[in-house]
Amino acid sequence: MLLYRCWVAAGIAALFVISGCGPKTDSQTPRNTARPGPGGTAPPERRRAVTGKDGVTIETLRAAIKKDPSKARLQFELAFLLHKSGKLDEAINYYRNAAAIDHAYFQPRFNLGRLYMARKNFAEAAKWFGRAAEVKPDHFECQYNHALTLIHTKQYEAAEKALVEAVKIGKMPGRVHTLRAVVSLRRGQPDLALKSYRAAVKAGHATAEVWARIGYLLMRKKKSSAAAAALKKALAADPNHGLALANLGGMFMRKGKVKQALPYLRRAAKVVKKGVGVRVNLGLALLRLKKFRQSLQPLKEAYALKPELGLLQISYGVSLLFDGKTKRGTKLIVKAVRAKRSMAGLLGGYVGPLVKNKKLDGAIEVLKAILLGEPNNRVAKKNLLILLRRRGD
């Protein structure tokens, strides 16, 4: 049985703004406080220059640095104002200058990490967050963002070390444990991932996503009851959580409880736009419930996404037979059986319904496909002869 898997990237958006690491006095860009005039609109505001501590400007800082380029603080304040002004390439140069002059200066290193992270240059961001963390290992935002960027660059062992430091700091423990679970999964350690997800719940981060991941990992351990309970908790938090819906539907399908699976799979197919597994399961459920025409659409969508999947070729081919598209359906079924002869064993239950729905040609082609995979199947041979006579062959 296919289970829908939803490993999506694992990054969690960083939560902190650049102004938090600028000069300590108020250096925010002035807000538009003009009141609307009689016509209902405010007069245009004249744009004012960005200023820093004690009203210092980019120009005055440039002049001061020209006189004495050895002061890291001046280099940083100029970089910060350039950053706020949107002159990012220049800001990078002055942040680098400040970091080079003072190797124990945290703020330029951290802001370089943030700037590169915003540009999605995760390798450079990870480097600068790492250098900042060396200066301030107890800075939570730095350790957390360092871990994020290391994950993006697939440096999972280093990311785990950064997260261990973040755990020690004690801020947002639930999110940190969730990120540790992601790292464990990337490293192929599902048991450690499950442990971290449970730690996230214990720390108060019991989101729908966390419960859904716990449910999926418990399914892999074949702990069906515990998995179902976790998936239902995920749906209690978010009734439209795709992973929880798909996997709960898949669990019911595995147990043969097709009617119970159907509503979950229908909802999952609406939420998970490109989920092959959920569409195959939905199509199979509809076929087993003799909703043959309804099965066609989800199987068609799945085939467009992954046409090489053998189970999909069989189920979509059968659905096409019920829709009267005998030639196309037969081609898919034969292709699947030739690739894997055991696929023929999935076809036997469709012969009777095809005959009942007056799809005699389709039933004959299914029997031929069964014999292609199982040449010594006496029942299939006998039934094929009966149907061929009925058709007048």
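What comes next is a walk through the structure. (Residues numbered from 1 in each chain as written. Predicted model: local features only at pLDDT ≥ 70, side-chain atom pairs only at ≥ 80, totals over all residues. Heavy atoms only, no water.)

1. Regarding the overall build of the chain
Quick reminder of the rule: Going along the chain from the N terminus, every DSSP run of H or I of four or more residues is numbered as a helix, and every run of E of two or more is numbered as a strand. For every residue, the accessible area (1.4 Å probe, protein chains only) is compared with the maximum for its type, and the residue is labelled buried under 20%, exposed over 50%, or partly exposed between those bounds. Each accessible area is a Shrake-Rupley result for a 1.4 Å probe, and residues are judged covered by the shown protein chains and nothing else.
A tally of helices and strands in the chain yields 20 helices and zero strands. Of all 393 residues assigned to the chain, the portion counted as buried reaches 48%. Counting only carbon and sulfur atoms, one obtains 52% of the accessible surface of the chain, whose full area is about 20700 Å².

2. Side note on the environment of Leu74
Cut-off, in case you're wondering: Only heavy atoms enter the contact rule, under which two residues are in contact if any of them lie within 4.5 Å.
Position of Leu74 among the secondary structure elements: in helix α2 (residues 72-84). Contact partners of Leu74, with chain neighbours within four places excluded, come to Leu61, Ala64, Ile65 and Asp68.

3. A word on empty space enclosed by the protein
For clarity, the threshold we go by: Points on a 1 Å grid over protein atoms alone make up a cavity when a 1.4 Å probe fits among them but cannot get out, and a pocket when they form an open set with protein on both sides within 12 Å along at least five of seven lines; lining residues each have an atom within 4 Å of a point. Grid points are joined across faces, edges and corners, and a volume is the space filled by probe spheres set on the points. Residues are sorted three ways: Asp, Glu, Lys and Arg are charged, Ala, Val, Leu, Ile, Met, Phe, Trp, Tyr, Cys and Pro are nonpolar, and all the rest, Gly among them, are polar.
Applying the stated criterion across every chain, the model contains one cavity of 30 Å³ or more. Put simply, the largest cavity is a space of about 60 Å³. Lining of the largest cavity is provided by Met219, Lys222, Ser224, Met251, Arg254 and Lys255. Residues belonging to the lining of the largest cavity are distributed by class as follows: two nonpolar, one polar and three charged.

4. Topic: the side chain of Arg109
Tracing the backbone through its elements, the reader meets Arg109 in helix α4 (residues 106-118). Residues within four places of Arg109 in sequence aside, it is in contact with Ala99, Asp102, His103, Trp128, Arg131, Ala132 and Val135.

5. Quick look at the packing of aromatic side chains
The condition that has to hold: We call Phe, Tyr and Trp rings a pair once their centres come within 6.5 Å, taking the six-membered ring for Trp, and we label the pair stacked below 30 degrees between planes, edge-to-face above 60, and tilted otherwise. A ring has a charge above it when a Lys NZ or an Arg CZ is no more than 6 Å from the ring centre and no more than 35 degrees off the ring normal.
Under the defined criterion, the tally for this structure stands at nine aromatic pairs. Between Phe292 and Phe322, the aromatic rings sit 3.7 Å apart at their centres with planes inclined by 5°, giving stacked as the arrangement. With Phe292 in helix α15 (residues 292-305) and Phe322 in helix α16 (residues 310-322), the pair connects residues that are 30 residues apart, well separated along the chain. For Phe322, a relative accessible area of 5% puts it in the buried group. Site record: aromatic cluster; members linked through ring pairs are Phe76, Phe80, Tyr95 and Tyr105. One residue, Arg131, lies across the ring of Trp128, its end atom 4.6 Å from the ring centre.

6. Considerations on the pattern of salt bridges
If the charged atoms of two oppositely charged side chains come close together, the side chains can form a pair. As a reminder of what qualifies: We count a salt bridge whenever a side-chain nitrogen from Lys or Arg sits within 4 Å of a carboxyl oxygen from Asp or Glu.
This model, assessed by the stated rule, comprises 15 salt bridges. Among the salt bridges present, the one from Glu160 reaches Arg180, with a minimum N-O distance of 2.5 Å. Of the two residues, Glu160 sits in helix α7 (residues 156-169) while Arg180 sits in helix α8 (residues 173-186), which places them 20 residues apart along the sequence. Judged by its relative accessible area of 15%, Glu160 falls in the buried class.

7. Digging into the packing of helix α6 (residues 140-152) against α7
Defined as follows: Note on geometry: axes are C-alpha line fits, over the in-contact stretch for helices, and angles between N-to-C directions span 0 to 180 degrees. Throughout this description, any angle smaller than 35 degrees is read as roughly parallel, any larger than 145 degrees as roughly antiparallel, any in the 65 to 115 degree range as roughly perpendicular, and the remainder as oblique. Here a crossing is called left-handed whenever its near helix is offset anticlockwise from the far helix by less than a right angle, and right-handed whenever the offset is clockwise.
Two numbers describe how α6 lies on α7: the axes approach to 8 Å, and their chain directions differ by 160°. Considered as vectors, α6 and α7 are oriented roughly antiparallel to each other. The handedness of the crossing between α6 and α7 comes out as left-handed. On α7, the residues touching Phe140, Gln143, His146, Ala147, Leu150 and Ile151 of α6 are Tyr156, Ala158, Ala159, Ala162, Leu163, Glu165, Ala166 and Ile169. Looking at the contact of α6 with α7 residue by residue, the class counts come to eleven nonpolar, two polar and one charged.

8. As for the environment of Lys290
Examined against the element boundaries, Lys290 turns out to sit in the loop between α14 (276-288) and α15. Sequence spacing of Lys290 and Tyr350 is 60 residues, and the spatial spacing of their C-alpha atoms is 9.7 Å.

9. Focus: unusual backbone geometry
For residues besides glycine, phi is generally negative; the peptide bonds are generally trans as well. Even without being a glycine, Lys120 presents a positive backbone phi close to 65°. Within the element layout of this structure, Lys120 appears in the loop between α4 and α5 (122-135).

10. Side note on the environment of Asp138
Secondary-structure assignment places Asp138 in the loop between α5 and α6. In this structure the C-alpha to C-alpha distance between Asp138 and Ile169, which are 31 residues apart in sequence, comes to 6.0 Å.

11. Some remarks on the layout of surface pockets
A water-sized probe, rolled over the atoms, reveals where empty space remains. Taken as a whole, the second largest pocket holds about 230 Å³ of empty space. Taken together, 13 residues form the lining of the second largest pocket, with Leu284, Leu287, Arg288, Leu346 and Tyr350 sitting closest to its centre. When contributions to the lining of the second largest pocket are tallied by element, the ones reaching two or more residues are α14 and α16. When grouped by side-chain class, the residues that make up the lining of the second largest pocket number nine nonpolar, two polar and two charged.

12. Considerations on helix α19 (residues 360-373)
Every α-helical turn comprises 3.6 residues, leaving residues that sit three or four positions apart pointing alike. Applicable threshold: Expected span of a helix, by definition, is 1.5 Å for each gap between consecutive residues, and there is one gap fewer than residues.
The end-to-end C-alpha distance of α19 is 20 Å, a good match for the 20 Å that 14 residues give at a rise of 1.5 Å each. Burial of α19 is extensive: ten of the 14 residues sit out of reach of the surface. Those residues of α19 that fall on the buried side of the exposure criterion are Leu360, Gly362, Ala363, Ile364, Val366, Leu367, Ala369, Ile370, Leu371 and Gly373. Buried residues along α19 sit against α16, α17 (326-339), α18 (351-356) and α20 (378-391).

13. Some thoughts on the nonpolar core
Which entries qualify depends on this criterion: The criterion is simple. A nonpolar core is a set of buried Ala, Val, Leu, Ile, Met, Phe, Trp, Tyr and Cys residues joined through side-chain atoms within 4.5 Å.
Counting residues in hydrophobic clusters, the biggest one holds 78 residues, and the most contacted among them are Tyr197, Ile214, Leu312, Tyr316, Ile333 and Leu347. Residues in contact with Tyr316, not counting those within four places in the same chain, are Leu296, Leu299, Lys300, Tyr303, Arg328 and Leu332. Leu78, Leu115, Leu148 and Ala162 belong to the second-largest nonpolar core, a separate cluster that totals 47 residues.

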